Amino acid sequence: MPNLYDSYVQVNILVLYATHCFPTKCIFSVSHYRLFPTSLGQVISKFSVRELHISFTQGYRRTMQWGQTFLPSPPGAELWVWFQDTVTDVDVTWKELTNVLSGIFCASLNFIDSTNTVQPSASFKPLGVGNVTDQRFLRYAVLPREVVCTENLTPWKKAGYTSDLCQDWQCKSTAWELRQTLNVVFDLHSSGQSKREWSLFKMFSRTLTEACPLASSSKVDVTDNPQGELFELSPATPMLSQAVVLGNRRTYSQRVETCCALYFTESAMCQATGCRRGRSTPWCTTTTRTGPSPSSCWTPCPGTCVSTSHTLTVTSKGRDNKPSYIHYQPSKDRLRPHLLEMLVQLPPNSVIEVTVQFERALLKWTEYTPDPNHGFYVGSSVISALVPSVVAMDTNSTQERPLFSSFFPCKEESSYFMQVYTEPLLVNLPTPDFSMPYNVICLTCTVVAVGYGFLYNFLTSTFQVEEPSPGLAKRLANIICRLRGVPLL
Amino acid sequence: MAAPLTLLLIVAVTIRAVLFRSSLADLISERVEVVSPLNAWKRVVEGLALLDLGVSPYAGDVFHETPLIIYFFHFVIDYAEIVFMMADALTAVALYIAVKDYNKIVFRKQKYALEANRYPLNCQQLFRTPKEMYYIPLKVAMFYLLNPFTILSCVAKSTCGLNNAVIALFILCTIKGSALMSAIFLALATYQSIYPLTLFAPALLYLLQRLYIPVNWRRPSFWLFTTQYAFMYLGSLCVMVCLSFFLLSSWDFLSSVYGFILSVPDLTPNIGLFWYFFAEMFEHFRLFFICVFQINVFFYTIPLSIKLKEHPFFLIFMQIAIISIFKSYPTVGDIALYMAFLPAWNHLYRFLRNIFLVSVVLLACSALFPVLWHLWIYAGSANSNFYYAITLLFNVAQILMVSDYFYAYLRREHHLTHGLYLKRKDGSEATLVLK
C-alpha cells in the first residue's frame with residue numbers, strides 16, 4: 001500500500017442471500033468455491049446467515065470535499081447481520097459468528113459482546129431480495145476503535161470484486177451475492193509531484209495488464225471532477241457519455257461517479273466541561289431543495305455513560321422538531337448499550353440538531369482500557385433517510401453492470417434510501433488512581449476499624465476509678481516483693 | 001411555643017423558596033454530595049419520562065426509586081418544590097413534638113427517681129431543669145430546618161427529604177406510644193431504603209418501656225408484645241411490596257431498588273466509604289467485601305440494644321447516625337437528620353471531649369468537598385485521591401462525634417449512679433477510665 005497521508009481507507013464486504021432459494025437447494029456446491037471464499041461460505045452456511053455486512057474504516061471522510069462514498073460506513077469496524085428465521089438462539093449464534101469472523105478477517109471482532117450489540121428496529125433493512133423485517137434476527141455492533149490493516153483483506157485472496165452465485169448452472173436466478181469494496185483516498189500532492197497528474201502506476205506501483213482471471217468482465221470507470229479542471233484520459237476511451245445523475249449533468253465514460261450532489265452531511269459533537277457531564281449532539285445539514293424527507297436517526301451511547309432520555313431535544317431551524325416515533329432502550333450497566341431510534345422529518349435547507357445529555361460514570365478499576373486517559377469511543381450515529389431523487393440515470397447503459405446500478409439510483413422512483421454515519425465521539429471518563437488499590441483498601445478499612453474500635457470499647461468496658469500508678473522505684477520494689485512472696489508496698 | 005415554631009417555619013420556607021428561584025438550584029441539584037444515584041431528582045424525572053415512553057422505568061440503570069414514589073410524583077410532579085418544602089416542615093414539626101414529649105417523660109422519670117432517693121447526693125449539677133429543657137424542642141426544629149445540609153438537600157429536590165420525613169414521623173409515633181402507626185411508618189422507611197430495619201430494636205424497646213413491660217426474655221409478656229409489633233411491621237411491609245408489584249405489574253423493582261442498594265454496582269463518588277473502595281477492588285474479592293460492608297451497618301444493633309436498653313431514645317439516635325455513616329450511598333441529607341438531635345443532648349456538654357476538633361474538621365471538610373471535586377473533574381490538576389481523602393476525613397469526624405456523644409452519655413449515667421465527684425481510697429480526686 002502506498003503512503004496514505006491524510007487519507008481515508010474503507011473496506012466493505014457484503015453478502016446477500018435471496019429468499020426465493022429453497023433451503024434444500026442452498027447448500028454450497030464445491031464448484032462455487034472457485035469464486036466465493038471458502039471461509040466465508042462455510043461461516044454463512046454454518047450460522048444460517050441471511051445477510052452479512054462488514055466494514056472496516058479508518059480515517060475521517062471529508063464528505064464536503066471528496067463527495068459521498070458509495071457505501072457509507074462508520075469509522076472502525078461495523079458488523080450487522082440478518083440471520084435466517086431457522087436460528088433458535090440468535091445471541092449465541094451472534095457470539096459464535098463474531099468470534100469466527102474475527103479469526104477470518106484478523107480483526108478484533110471478538111470484542112463484540114452484549115455491551116456493544118444492539119437490535120435496531122427501524123434503521124436497518126435487509127438490502128437483499130428478502131423482505132424479512134423481523135427485528136429479532138438482526139444484530140448490529142460497531143467497534144469504533146478498530147484500525148484497518150492489510151490482514152483484514154485475507155478473504156479477498158479467494159474472491160474477485162463481485163460475484164453472483166447461481167442456483168442452477170444456467171444461472172437463471174441469483175442465490176448468493178458477494179460484494180467487496182475497497183475505498184481509499186489518496187493525497188497526490190504528498191507524493192512530491194508538482195504536476196497534477198496521476199496514474200495507476202504511481203498509486204499502486206503496478207499497472208493493469210489484464211482483466212481479472214476469475215471474472216467474466218472487468219471494467220475501469222473514471223470520472224471527472226466537475227468543479228475542477230478537466231483532464232485527459234490516456235489511453236483514450238471510445239465510450240463517452242453524458243447523463244444526469246443525482247441532479248447534475250455529468251460527462252462520464254465508464255466512470256466511477258463521485259457523488260457530489262450532497263443531500264445531507266452529518267456531524268457529531270460532544271459538548272462537555274470537565275469529565276462529569278456532557279451532551280452528545282449529532283447534527284445534520286440538509287441541502288435539499290425539495291420537500292421534507294422522513295429519516296430515522298439512530299444514536300448509540302455506550303453503557304459507560306448514563307444517558308437521560310428526558311433531556312432529548314430535536315431542533316431544526318431553531319424550533320422544536322418533535323420526532324413522530326421514538327424507540328428508546330436504556331442501557332443496563334455492563335450488559336447492553338443505549339439505543340435511541342427516532343423518526344424525524346428533515347425539512348429542506350436546514351440544520352437539525354439532536355441533543356441528549358449524559359453523565360459519565362466512574363467504572364471499576366478492571367473495566368478501563370490500558371490507556372484510560374485516551375478516552376472511550378462512542379459509536380457513530382446513523383441517519384437513514386428516504387431522499388427524494390431528482391432524476392435517475394439513463395438505464396440503457398447500466399443493464400450489464402449490476403454493481404454500478406446498485407450504487408446509483410437508476411429507476412424512476414420518487415425517493416431512494418440513503419444512509420449516512422457521523423464521526424465517532426471520544427469521551428473522557430473520570431479515572432481512579434490506578435496505583436492505589438492496596439492503599440485504598442487499607443485506608444477505608446482503617447476508617448471502618450476506627451468506628452468499630454470506639455464502639456467496641458464503649459460497649460464492652462465500664463467506667464472504673466483509676467488507681468494512680470506508683471513511681472519507678474516503688475514498682476521495682478513491688479516486683480521484688482512479688483518474687484519474694486511478701487506483701488506489696 | 002407555637003409562635004416561635006411558626007416563625008421558624010416561615011424563615012425556613014423563605015430561604016428555600018429564594019434558593020429555588022435562584023440559579024443555584026441547578027448547580028446544587030448536580031452536586032454529588034447532595035444527591036446520589038438513589039435519590040436524585042433527575043432520575044425521578046427520567047423514570048417518569050421512561051414510563052411515558054412506554055418503557056419500564058427499571059429497564060435501564062437510571063431509576064432506583066420505589067414504585068410508590070413514581071405513583072406519588074405522577075400526580076404532584078408540577079408541585080415538586082412545594083412537596084419537598086412541606087416534607088422538611090413536616091420533619092421539623094414531627095421532631096419538635098417528639099422531643100417535647102420525650103423531655104416530659106424524662107423529667108417525670110427524674111422526679112420519681114429523686115423522690116425515691118436513687119441519686120447520690122452530689123449530683124445536683126447533672127439534673128435536668130425545666131428551664132434548660134424548655135427551648136430544646138425549638139432548637140431541634142431549628143437545627144433541622146436551618147442546617148445548610150438540609151437546605152441543600154431540599155433545594156436539590158433529593159428524595160432523601162421524604163425519607164427523613166417518614167423516619168421523623170416514625171419517631172413521633174413511637175414516642176406517642178402508638179405501636180401500629182410506628183410499625184407502619186417504620187415499614188415505609190424500610191421499604192424506601194433497607195437500612196431503617198435496624199430501628200426496629202430501639203422502637204420495640206421504647207414501646208416496651210412505655211408499657212412497663214420488662215425486657216426479660218423469660219417473660220411471656222415480652223414475647224407477646226414483640227410478636228405483635230413484628231407482625232404489624234412485617235405485615236405493613238408485605239402490603240407495600242405487593243402494592244408496588246400491582247402498580248407496575250412486575251417484580252423488576254426488587255432488583256433495581258434493593259439489589260442496587262445492597263450490591264453497589266454504581267460507583268458514582270459520594271461522601272461515603274463504598275465508592276472508591278469498590279472502584280479499586282479486584283473482582284475476586286468484591287462479593288466478600290460487599291458482604292462485610294453491608295453487615296457492618298447492621299451488626300451494631302444487637303450490642304447497642306443490650307447496652308442501651310434503658311435508653312431507647314438515645315439508641316434511636318445512635319442507630320440513625322450509624323446508618324448515615326456506613327450506608328452504601330450516603331448524602332448530606334442523611335447527616336442532617338441525626339444532627340438535628342444534638343440539641344437534645346445539650347446536658348452532656350460537660351463530658352464531651354472532642355467537640356472542638358470534630359466541629360472544625362466537619363466544617364473544613366464541607367468546605368473542601370466542592371473545591372477538590374472541581375480540581376479533580378474540571379481543572380484536572382488533582383485526582384480522585386484528593387476527594388477520597390476528604391471523604392475519609394469526613395467520615396472519621398462523624399464517627400468521632402457519634403462516639404463522643406456515646407461516651408458522654410455513658411459517663412453521665414455512671415455519675416448519676418456513683419456520684420459526681422469520685423474519690424479514691426486515700427481521699428484524693430479520682431479519674432475515670434474505661435476498662
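Rules used in this analysis
Residues numbered from 1 in each chain as written. Chains lettered and ligands numbered in written order. Predicted model: local features only at pLDDT ≥ 70, side-chain atom pairs only at ≥ 80, totals over all residues. Heavy atoms only, no water. UniProt positions renumbered as here; feature names shortened; annotations may be inferred. Helix = DSSP H or I, 4+ residues; strand = E, 2+ residues; numbered from the N terminus. Areas by Shrake-Rupley, 256 points an atom, 1.4 Å probe, with all protein chains shown as cover. Contact = heavy atoms within 4.5 Å. Buried area = accessible area lost by both parts, 1.4 Å probe. Salt bridge = Lys/Arg side-chain N within 4 Å of Asp/Glu carboxyl O. Polar contact = N/O pair within 3.5 Å; in protein donor to acceptor, adjacent residues only side chain to side chain. Phe/Tyr/Trp six-rings, centres within 6.5 Å; stacked < 30°, edge-to-face > 60°. Buried < 20%, exposed > 50% of the residue type's maximum accessible area, 1.4 Å probe, protein only. Lys NZ or Arg CZ within 6 Å of the ring centre and 35° of its normal. Expected span 1.5 Å × (residues − 1). Core = buried A, V, L, I, M, F, W, Y, C linked by side-chain atoms within 4.5 Å. Pairing = 2+ DSSP bridges. Patch = residues over 30% accessible without salt bridge, like charges linked within 9 Å, V, L, I, M, F, W, Y side chains within 5 Å. Lys, Arg positive; Asp, Glu negative; His and termini not counted. Charge placed at Lys NZ, Arg CZ, Asp CG, Glu CD.

As recorded in an unreviewed UniProt entry, chain B goes by Phosphatidylinositol glycan anchor biosynthesis class U protein and comes from Coregonus suidteri. Per UniProt, chain B has the following entry under Sequence similarities (unreviewed entry): "Belongs to the PIGU family." Note on chain B: under the UniProt heading Subcellular location (unreviewed entry), the record states "Endoplasmic reticulum membrane".

Under the annotation held in an unreviewed UniProt entry, chain A carries the name GPI transamidase component PIG-T and is attributed to Coregonus suidteri.

J.: So what exactly am I meant to see when it comes to the overall build of chain A here?
T.: When its secondary structure is counted, chain A shows seven helices and 23 strands. Carbon and sulfur atoms provide 56% of the accessible area of chain A, an area that totals close to 25200 Å².

J.: Is there a simple way to think about the interface of chain A and chain B in this case?
T.: Accessible area lost on assembly of the parts is the figure often given for the size of an interface. Counting residues at the interface gives 54 residues for chain A and 69 residues for chain B. Summing the contributions of chain A and of chain B, the shared interface buries around 5800 Å²; its carbon and sulfur component is 66%. On the chain A side of the contact with chain B, F458, L459 and F463 of chain A bury the most area, a combined 15% of that side's loss. Linking chain A with chain B are two salt bridges. Across the salt bridge formed by K364 of chain A and E283 of chain B, the nearest N and O atoms sit 3.4 Å from each other. The interface formed by chain A and chain B holds 15 residue pairs in polar contact (both at pLDDT 80 or more) in total. Elements with a contribution of two residues or more to the side of chain A that touches chain B: strand 14 (305-316), strand 16 (325-329), strand 18 (351-360), helix 6 (437-460) and strand 23 (463-465) of chain A. A per-element tally of the side of chain A that touches chain B places helix 6 of chain A first, with 16 residues.

J.: Can you help me understand the environment of S305 of chain B in this one?
T.: All names here are of chain B. Relative to the helices and strands, S305 is located in helix 16 (residues 301-307). Separated by 70 residues in sequence, S305 and G235 have C-alpha atoms that sit 24 Å apart. When neighbours within four sequence positions are excluded, S305 is seen to be in contact with A201, L205 and L315.

J.: Is there a simple way to think about the packing of aromatic side chains in this case?
T.: Within a pair of aromatic rings, the relevant descriptors are the distance that separates the centres and the angle that separates the planes. Residues and elements named next belong to chain B. Counted by the stated rule, this structure contains 58 aromatic pairs over all chains. Taking the centre distance of 4.1 Å and the plane angle of 10° together, the rings of F314 and Y409 count as stacked. Taken together, the positions of F314 in helix 17 (residues 312-326) and Y409 in helix 20 (residues 384-418) put the pair 95 residues apart, joining distant regions of the chain. Considered together, F314 and Y409 belong to a single accessibility category, that of buried residues. Above the face of the Y407 ring, R353 is positioned so that its terminal group lies 3.7 Å from the ring centre.

J.: Which parts of the structure should I look at to understand helix 3 (residues 41-53) of chain B?
T.: All names here are of chain B. When the terminal C-alpha atoms of helix 3 are compared, their 18 Å separation across 13 residues agrees well with the 18 Å that a helix rising 1.5 Å per residue should span. Of all the positions in helix 3, only W41, R43, V44, E46, G47, L48, A49 and L50 are classed as buried. With its phi angle positive at about 90°, G54 sits one or two positions after the end of helix 3.

J.: Sorry, what's going on with the UniProt feature "signal peptide" (unreviewed entry) in chain B here?
T.: The UniProt feature table records "signal peptide" (unreviewed entry) at residues 1-25 of chain B. Split by type, residues 1-25 of chain B is 88% helix and 0% strand. Its first and last C-alpha atoms lie 32 Å apart.

J.: Please explain the UniProt feature "transmembrane region" (unreviewed entry) in chain B as it appears in this structure.
T.: All names here are of chain B. Per the UniProt record, the feature "transmembrane region" (unreviewed entry) sits at residues 68-99, 166-188, 194-217, 229-251, 257-278, 285-306, 351-373 and 385-407. Taken end to end, residues 68-99 is 91% helix and 0% strand, and its two terminal C-alpha atoms sit 29 Å from one another. Note that residues 285-306 is 91% helix and 0% strand, and that its end C-alpha atoms are spaced 33 Å apart.

J.: Explain the UniProt feature "transmembrane region" (unreviewed entry) in chain A here, please?
T.: As recorded in UniProt, the sites labelled "transmembrane region" (unreviewed entry) are residues 438-459 of chain A. Spanning residues 438-459 of chain A, this segment combines 100% helix with 0% strand, and its end C-alpha atoms are found 31 Å apart.

J.: Is there a simple way to think about the pattern of salt bridges in this case?
T.: Side chains that differ in sign of charge can pair as their charged atoms come close. Residue and element names in this part refer to chain B. Counted according to the given criterion, the structure contains 15 salt bridges over all chains. Between R43 and D266 there is a salt bridge whose closest N-O contact spans 4.0 Å. Of this pair, R43 sits in helix 3 while D266 is found in the loop between helix 13 (252-263) and helix 14 (274-279), placing the two residues 223 residues apart along the sequence. Accessibility classification places R43 together with D266 in one group, the buried group.

J.: Teacher, can you tell me more about the side chain of N163 of chain B here?
T.: The topology assignment puts N163 of chain B in helix 9 (residues 160-176). At a separation of 2.8 Å, a polar atom in the side chain of N163 of chain B contacts the side chain of Q192 of chain B.

J.: Before we go on, may I ask you to explain the nonpolar core in this structure?
T.: Most often, soluble globular proteins keep nonpolar side chains buried together rather than apart. Of all hydrophobic cores here, the largest spans 182 residues; its most connected members are F73, I171, Y229, Y338, W345 and F406 of chain B. Residue contributions to this core peak at 17 residues, all from helix 20 of chain B. Apart from residues lying up to four places away in sequence, Y338 of chain B is in contact with F317, I320, A321, S324, I325, Q398, M401 and V402 of chain B. Formed by 33 residues, the second largest nonpolar core is a distinct cluster that contains I13, V90, L97 and F105 of chain A.

J.: Can you help me understand the pairing of strand 5 (residues 138-143) of chain A in this one?
T.: For a regular strand, side-chain orientation follows a simple rule: the groups alternate between the two sheet faces. Residue and element names in this part refer to chain A. Taken across its six residues, strand 5 has six buried, putting it largely inside the fold. In this sheet, strand 5 lies alongside strand 3 (residues 76-83) in antiparallel orientation, the contact comprising six bridges. For V81, the partnering residue across the bridge sits in strand 5 and is R139.

J.: Hey, could you run me through a positive patch on the surface in this one?
T.: A cluster of basic residues, R108, K109, K111 and R210 of chain B, forms a positive patch at the surface. Examining the composition of the positive patch, we find that three residues originate from one element, helix 5 (residues 80-115) of chain B, more than from any other.

J.: It is not clear to me how unusual backbone geometry should be interpreted in this structure. Could you clarify?
T.: Across the chain, the bulk of peptide bonds are trans and the bulk of non-glycine residues have phi less than zero. All names here are of chain B. Phi is positive for Y212, which is not a glycine, with a value near 60°. Mapped onto the secondary structure, Y212 falls in the loop between helix 11 (200-210) and helix 12 (220-248). For V264, which is not glycine, the phi torsion reads 50° and is therefore positive. Mapping V264 onto the fold places it in the loop between helix 13 and helix 14.

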